[in-house]
Amino acid sequence: MNDLQLVGCVTLLTQSKTYSIDGVLYRYLYSSDSIKHTQYLFRPLPAQRKTADLQLNRDKVVLRVYEIPLLYRQHRATMTTTAIQQALF
């Protein structure tokens, strides 16, 4: 994971990329609808040491969120009759 790139602008966040925040892998979910105080919600990937969702403002996203280009489009969802299972690889 040496190819980390700092997210320079919040408009570059997408749900298909994997992000590293403080050493934990996250997936971007959505942003709130507020114009003045927009919050960005991230969910940790399975098997990470953190399990709670993370909500950051624009300044913290620009300073703390790193994109991992090697894991682009690695989120897959498998639909079964009982649940949806997500996998990283």
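Look above for the structure.
Residues numbered from 1 in each chain as written. Predicted model: local features only at pLDDT ≥ 70, side-chain atom pairs only at ≥ 80, totals over all residues. Heavy atoms only, no water.

Caption draft 1: The arrangement of unusual backbone geometry in detail. With a phi close to 55°, Asp 22 is a non-glycine residue in the positive phi region. Within the secondary structure, Asp 22 sits in the loop between strand 2 (18–21) and strand 3 (24–31). The backbone phi angle of Ala 47 is positive, close to 70°, even though this residue is not glycine. Secondary-structure assignment places Ala 47 in the loop between strand 4 (39–44) and strand 5 (54–57). Take Ala 47: its relative accessible area is 84%, and that puts it in the exposed class. (Helix = DSSP H or I, 4+ residues; strand = E, 2+ residues; numbered from the N terminus. Buried < 20%, exposed > 50% of the residue type's maximum accessible area, 1.4 Å probe, protein only.)

Caption draft 2: Broad picture of the pairing of strand 6 (residues 65–68). As paired elements, strand 1 (residues 5–6) and strand 6 share two bridges and run antiparallel to each other. Bridge pairing in strand 6 places Gln 5 opposite Glu 67. Bridging between strand 2 and strand 6 involves four bridges; their strand directions are antiparallel. The residue bridging Ile 21 from the neighbouring strand is Val 65, located in strand 6. (Pairing = 2+ DSSP bridges.)

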